[in-house]
Amino acid sequence: MIENKNNILQGLAAAPGISIAPVHLFTKEEIKVVAEDITDADEALKSLHQALEKSRKELRKVFDLAVDKLGTNRAAIFEAQLMILEDPILIEQIENRIRKELKSPEYIVDDEISKYQQLMRNSSESYLKERSHDIEDIKQRIVRNIKKRKWISRIKDDVNVVAPLLTPADSVLFSRVNVKGYVTDHGGLTSHAAIVARSLNIPAVVGLHDATTKIKEGDLLIVDGFHGRIIINPDESQISYYKERIQKLTVLDSELASLKEMPAQTIDGKKIKLLANLDLQDEIDLVMQNGAEGIGLVRTEQIFQEHDIFPEEEEQFKIYQGLSEKLFPNEVTIRTLDIGGDKVLPVDAQEPNPFLGWRGIRFLLDNKKLFKNQIRAILRASNHRNIKLMIPMISSIKEIRDSKNIIEECKTELRNENIQFDEDLKIGIMIEVPSAAVMARDYAEEVSFFSIGTNDLIQYLLAVDRGNDIISNLYQEFHPAVVRTLNHIITEGKKGGVEITMCGEMAADLIAVPLLIGLGLDAISVSPSAIPFLKRVIRNLDYSEAYKLADDCLKLKTEYEIKNKLNHFFESKLLDVTKNIFN
Ligand code: PEP
Ligand code: MG
């Protein structure tokens with residue numbers, strides 16, 4: 001048995017799967033600049049120039065976005081930063097020093113720009129003194145970009161990455177290197193880094209508090225993403241236990257593969273549309289392999305992370321058209337950019353509460369050009385009539401109407417340009433802010449579909465940060481207020497005639513599925529890899545029993561009672577179905 005040994009740490013089960021691999025510790029040290037000796041100056045110069053180019057691209061975009069909202073003062077800062085990046089004397093000096101001193105490029109960059117800063121600080125002009133501080137950001141940006149590249153190239157072998165915290169962008173890097181598992185001190189289950197790990201099919205355990213102090217580089221580590229457990233330097237019995245589990249999972253995978261062509265339909269004939277969430281472009285093949293009936297959520301901000309920068313209309317058009325063609329005749333729901341929150345804005349807006357700040361539709365309405373670029377690209381890609389457009393973070397009817405007006409504006413432009421698109425393109429909204437849930441009946445009059453985003457809905461309804469491990473016990477998907485709010489959205493939405501999907505992570509929780517179907521959801525959208533599991537549960541479920549279960553849960557007053565009821569239902573009706581998944 002693996003229990004009761006002191007090499008086991010318990011955290012939150014963020015992405016299922018098991019991995020046994022040596023550790024790569026990704027700590028703050030990686031960001032520290034040290035004067036490392038190098039042997040290959042050409043390679044270092046290449047690294048420098050790539051980082052400069054990347055920083056330039058990032059800054060230009062930031063500059064465009066910053067002017068309107070953050071005022072000319074802030075925009076001027078970015079201009080100053082761009083000037084530094086394009087200063088031939090500075091760059092030549094850095095290049096010469098790399099060649100001559102044979103020290104790491106990040107060290108030389110740091111040293112040279114610090115000298116610049118010192119000169120400014122010593123200046124008698126207060127304007128220059130202030131600017132010296134602003135230059136810190138560009139220095140950090142270049143150093144970070146050099147280091148990131150190095151980090152990626154260093155991870156060659158199969159490793160479990162252990163880090164204090166990872167951003168969604170860090171997780172995207174995992175798709176490019178061979179990371180087997182990941183473990184973090186901080187972060188919650190619905191943080192975007194965890195969601196991306198699920199998309200990538202990388203077992204992950206988050207919220208371990210102090211894993212980075214207990215684990216050393218090169219330790220052997222087992223990551224058990226089913227139970228949120230990690231095992232440091234396992235003994236023989238622990239290794240053989242987990243090897244056996246990996247084998248059982250392989251058998252399970254082939255059992256589930258046989259369901260691919262079967263419908264997601266309950267025993268008594270209720271059909272549920274089973275869709276996939278797409279976080280990374282590479283996942284598209286996984287979507288098809290796993291038998292999804294379409295894509296219920298394209299997180300476009302995530303695709304853009306892969307490109308480092310927001311692509312222009314033409315490039316976006318090609319991406320969306322590619323999705324539409326690959327999925328045809330199945331549907332693809334493209335969500336317009338949802339940046340902000342933990343998906344960091346490309347501009348340094350320094351918000352005290354980013355999750356309550358400039359996020360999703362708020363950012364888009366303030367950056368109309370960017371919004372229109374995306375809408376035009378979506379419209380242009382819609383000729384096969386299988387694309388839907390979805391708007392995130394709606395909290396008022398005005399935001400819906402303003403967005404619809406902008407969509408109309410784009411349609412008029414395209415008509416004038418003789419560009420064809422789907423005139424009946426369906427527009428829907430995410431229901432993920434409590435005000436939208438309350439107003440479901442009215443909002444249903446405005447749009448064609450709802451997609452319930454429980455990741456945010458729960459955090460906003462219960463006032464519990466979705467990414468904070470300290471309070472993760474309060475982030476309760478079975479809180480009675482959550483269950484009743486879901487019921488309200490579904491019943492009121494249906495009165496208004498909209499189709500209702502859920503694309504939050506709650507939909508992928510096997511224990512939650514009978515309740516969600518009992519509440520009357522039409523469709524469910526989850527990470528592609530979760531689809532076969534869900535299909536098996538649905539195909540073994542009786543809708544009339546699920547309906548009764550939901551009805552019973554709506555009367556309960558505590559999370560504990562609801563969880564108990566659902567667990568009991570699962571154990572008595574569906575235990576066989578989850579065999580080999582949890583144990
Ligand atoms: C949600 O909030 O549930 C959702 C699906 O959107 P995201 O996780 O991207 O915020
Ligand atoms: Mg959301």
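See the structure shown above.
Keep in mind that what you see is a predicted model, and the values were worked out from it rather than measured.

**Student:** What's the story with the overall build of the protein in this structure? I'm lost.
**Tutor:** On a plain count of helices and strands, the protein comes out with 22 helices and 16 strands. As presented, the protein carries roughly 24,800 Å² of accessible surface, and 51% of it is formed by carbon and sulfur atoms.

**Student:** Explain the coordination of the magnesium ion (ligand 2) here, please?
**Tutor:** By definition of the ideal shapes, four donors in a tetrahedron about a metal sit 109.5 degrees apart, and six donors in an octahedron sit 90 or 180 degrees apart. Bound to the magnesium ion (ligand 2) on the protein side are Glu-432 (OE) and Asp-456 (OD), at distances that span 2.0 to 2.1 Å. Of this pair, Glu-432 sits in the loop between β13 (426-431) and α15 (434-438) while Asp-456 sits in helix α17 (residues 454-462), and the two are 24 residues apart along the sequence. Taken individually, Glu-432 and Asp-456 each receive the classification buried, so the pair is uniform in this respect.

**Student:** Help me understand helix α21 (residues 543-554), please; the structure alone is not making it clear to me.
**Tutor:** Each full turn of the α-helix corresponds to 3.6 residues, which orients residues three or four apart in the same direction. Here α21 is 12 residues long and its end C-alpha atoms lie 16 Å apart, about the 16 Å a rise of 1.5 Å per residue gives. Restricting attention to buried positions, one finds in α21 the residues Ala-546, Leu-549, Ala-550, Asp-552, Cys-553 and Leu-554. Looking at the packing, one finds that the buried side of α21 touches α18 (480-495), α19 (513-519) and α22 (559-573).

**Student:** Which parts of the structure should I look at to understand the side chain of Arg-299?
**Tutor:** Mapping Arg-299 onto the fold places it in strand β10 (residues 294-299). Residue classification places Arg-299 among the buried residues on the basis of a relative accessible area of 3%. Every residue in contact with Arg-299, bar those within four places of it in the chain, is listed here: His-192, Ile-195, Asn-277, Leu-278, Asp-279, Arg-335, Asn-455 and Glu-505.

**Student:** Just to check I follow, could you spell out the site of ligand 1 for this structure?
**Tutor:** Near ligand 1 there are 17 residues, and of these His-192, Arg-299, Arg-335, Asn-455 and Arg-466 occur at the shortest range. Arg-299 places a side-chain nitrogen or oxygen 2.7 Å from an oxygen atom of ligand 1. Here an oxygen atom of ligand 1 sits 2.8 Å away from a polar atom, N or O, in the side chain of Arg-466. In the complex, the protein chains occlude 100% of the 290 Å² of accessible area that ligand 1 would expose alone. Only α6 (192-200), β10 and α17 provide two or more residues apiece to the shell around ligand 1. Sorting elements by how many residues they give to the shell around ligand 1 places α17 first, with 3 residues. Considered class by class, the residues forming the shell around ligand 1 number 4 nonpolar, 5 polar and 8 charged.

**Student:** Honestly, the sheet that holds strand β4 (residues 159-163) in this entry has me stumped. Any pointers?
**Tutor:** Paired through backbone hydrogen bonds, the strands of a sheet run either parallel or antiparallel to each other. Taking strand neighbours across the sheet as the criterion, the 8 strands line up as β1-β8-β7-β3-β4-β5-β6-β2 in an open arrangement whose pairing is mixed. Looking at which strands have only one partner, the edges of the open sheet turn out to be β1 (8-10) and β2 (12-15). The average angle at which neighbouring strand axes cross in this sheet is 30°, direction not considered. As paired elements, strand β7 (residues 220-224) and strand β8 (residues 229-232) share 4 bridges and run antiparallel to each other. Paired with Asp-224 across the strands is Arg-229, a residue of β8. Lying over the sheet, helix α8 (residues 236-257) contacts β1, β3 (18-25), β7 and β8, oriented at roughly 120° with respect to β3.

About the criteria used
- Residues numbered from 1 in each chain as written.
- Chains lettered and ligands numbered in written order.
- Predicted model: local features only at pLDDT ≥ 70, side-chain atom pairs only at ≥ 80, totals over all residues.
- Heavy atoms only, no water.
- Helix = DSSP H or I, 4+ residues; strand = E, 2+ residues; numbered from the N terminus.
- Areas by Shrake-Rupley, 256 points an atom, 1.4 Å probe, with all protein chains shown as cover.
- Donors = N, O, S within 2.8 Å, 3.2 Å for Na, K, Ca; no water.
- Buried < 20%, exposed > 50% of the residue type's maximum accessible area, 1.4 Å probe, protein only.
- Expected span 1.5 Å × (residues − 1).
- Contact = heavy atoms within 4.5 Å.
- Near = heavy atom within 4 Å.
- Polar contact = N/O pair within 3.5 Å; in protein donor to acceptor, adjacent residues only side chain to side chain.
- Nonpolar A, V, L, I, M, F, W, Y, C, P; charged D, E, K, R; others polar.
- Pairing = 2+ DSSP bridges.
- Axes fitted to C-alpha atoms, helices over the stretch in contact; angles between N-to-C directions.

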